[in-house]
Amino acid sequence: MPDTSAAPRIPRTVWALGFVSLFMDVSSEMVHSLLPAFMVGTLGIGMLTLGLIEGVSEAAALLVKVFSGALSDYLGKRKLLLLFGYGLAALSKPLFPLAQSAELVFGARLLDRIGKGIRGAPRDALIADVAPQAIRGACFGLRQSMDTLGAFVGPLLAILLMLWSGDDIALVLWFAVLPALLCVAMLAFGVAEPGQAATARRFRSPIHGEALRQFSPAYWWVVAVGAVFTLARFSEAFLVLRAQQLGFPIAWVPLVMVVMAAFYMLSAYPVGKWSDRIGRERLLGAGLVLLVLADLMLAWAESSGTVLIGVALWGLHMGFSQGILATLVADTTPAELKGTAFGLFNLLSGVALLLASGIAGWLWQTYDAATTFHAGALFSMAALALLLGRGARRP
């Protein structure tokens, strides 16, 4: 008899979306690993302004996600929105090396993040559409791991190009355009979405009482945990600047992103697969503990080696949390509202991220770097308390 107990294979569409994420992250992380030093060192931007630029840009991305997710549910077609979102991000890449002021950097960053917002919820919803229930965690984990492989390769390329170019940041930023174009080509020709039954649909804003009431308490608990979690996860720009503060040469500053991405990449897929067997919440709790340890290590750091240990723990916490939070959203929502569910989740996370990056920049500028990371540890412990409190209330 054939073995019917074997787990199903990861669908081709998930693999293709993984490669799309990989190419875009190579491009984005080449930019982001150098952008904080470029903004603060070259353009003279203050820490509070940096925090607000990062926070507003990322929050805009997450705000757009709520409507792109609902629109993808209405259209029943995810790929069109994916092409638009990834296309906008690709168009933003040449603006970074051309920027000569904080306003132009902000405009480019905003366009890039709006593109991310347009594509994020439909992409996650498309994975939820095609992923078999038995391996859903593995599918989200695989996509996240390939995304993070790009985040590993991008800063590594930035280091090599900085050494080759004699620390010419603008020239290195031009090289980020090519993988962004490859990403759009891969999406256009390599990603297929499943056909959906024709049903009468009408578009309604997801911020509507009837839509909100369709989600279960379990879903809203995931949203609450994700928002508090995000308060603890301010922009990685602060990790880059912490390394530079403690003596990293400018050409080697992207090493921070390389180390973070390496630990994120190595953990995301195994953790996602593991969550299919032992449960999501335990691993999410482990991720919060790792974030507390990362924040404390970065707060107490007095050398570049200690910074890299803290960054490695930060990468591990992302591997233990980001794919699992997405999987929990998929687990707790009906099939016809996946895009809306991811959009709402990201909307509230976006508000939290705006607050987190603004608070982080203000604390750094008003007090010092250690205070910023101590505050992150406190928010992490609050999210862990919320997670444990729900477990304690269960019979």
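The preceding data block contains the structure.
Residues numbered from 1 in each chain as written. Predicted model: local features only at pLDDT ≥ 70, side-chain atom pairs only at ≥ 80, totals over all residues. Heavy atoms only, no water.

### With respect to the overall build of the protein
Then step 1. A count of helices and strands for the protein gives 18 helices and zero strands.
Then step 2. On the principal axes, the C-alpha backbone points of the protein span a range of 60 × 50 × 50 Å.
Then step 3. Put simply, 85% of the contacts in the protein that link residues at least 6 apart link residues at least 24 apart.
Then step 4. Counting 28 positive and 23 negative side-chain charges, the protein places the averaged centre of each group 9 Å from the other. (Helix = DSSP H or I, 4+ residues; strand = E, 2+ residues; numbered from the N terminus. Contact = heavy atoms within 4.5 Å. Lys, Arg positive; Asp, Glu negative; His and termini not counted. Charge placed at Lys NZ, Arg CZ, Asp CG, Glu CD.)

### Section: the packing of aromatic side chains
Aromatic ring pairs are defined here through the distance separating the ring centres and the angle between the ring planes.
Then step 1. This model, assessed by the stated rule, comprises 10 aromatic pairs.
Then step 2. Seen from their ring centres, phenylalanine 234 and phenylalanine 238 are 5.7 Å apart, and the 85° between their planes marks the pair as edge-to-face.
Then step 3. Three or more aromatic residues joined by ring pairs form one cluster here, namely Phe234, Phe238, Trp314, Trp364 and Phe373. (Phe/Tyr/Trp six-rings, centres within 6.5 Å; stacked < 30°, edge-to-face > 60°.)

### Quick look at helix H11 (residues 217-232)
Then step 1. The terminal C-alpha atoms of H11, which comprises 16 residues, lie 23 Å apart, in line with the 22 Å expected from a rise of 1.5 Å per residue.
Then step 2. Taken residue by residue, H11 has Tyr219, Trp221, Val222, Val223, Val225, Gly226, Ala227, Phe229, Thr230, Leu231 and Ala232 as its buried positions. (Expected span 1.5 Å × (residues − 1). Buried < 20%, exposed > 50% of the residue type's maximum accessible area, 1.4 Å probe, protein only.)

### Description of a nonpolar patch on the surface
Then step 1. Among the surface-exposed residues, Leu52, Val56 and Leu354 lie close enough to one another that they form a single nonpolar patch of about 200 Å² accessible area.
Then step 2. When you line up the elements, leucine 354 lands in helix H17 (residues 338-366). (Patch = residues over 30% accessible without salt bridge, like charges linked within 9 Å, V, L, I, M, F, W, Y side chains within 5 Å. Areas by Shrake-Rupley, 256 points an atom, 1.4 Å probe, with all protein chains shown as cover. Salt bridge = Lys/Arg side-chain N within 4 Å of Asp/Glu carboxyl O.)

### Considering the pattern of salt bridges
Then step 1. Counted under the stated rule, the structure contains five salt bridges.
Then step 2. Close ionic contact of glutamate 236 with arginine 233 constitutes a salt bridge, the shortest N to O distance being 2.9 Å. For the pair shown, glutamate 236 and arginine 233 are each scored as buried.
Then step 3. Ionic contacts of the salt-bridge type, sharing partners, join the residues Lys93, Arg109, Asp112 and Arg113 into one network.

### Some remarks on the nonpolar core
Then step 1. Core analysis: the biggest nonpolar cluster contains 109 residues, and Tyr219, Leu284 and Trp314 have the highest contact counts within it.
Then step 2. When residues in this core are grouped by element, the largest group, nine residues, is from helix H1 (residues 12-32).
Then step 3. Not counting the four nearest positions on each side in its chain, leucine 284 is found in contact with Val225, Phe229, Phe320, Ser321, Ile324, Leu325, Leu328 and Leu387. (Core = buried A, V, L, I, M, F, W, Y, C linked by side-chain atoms within 4.5 Å.)

### A short note on the environment of glutamate 302
Then step 1. In this fold, glutamate 302 is placed in the loop between helix H14 (280-300) and helix H15 (304-319).
Then step 2. Judged by relative accessible area, glutamate 302 falls into the exposed class, the value being 73%.
Then step 3. Remark: the alpha-carbon pair of glutamate 302 and methionine 318, spanning 16 residues in sequence, is separated by 24 Å.

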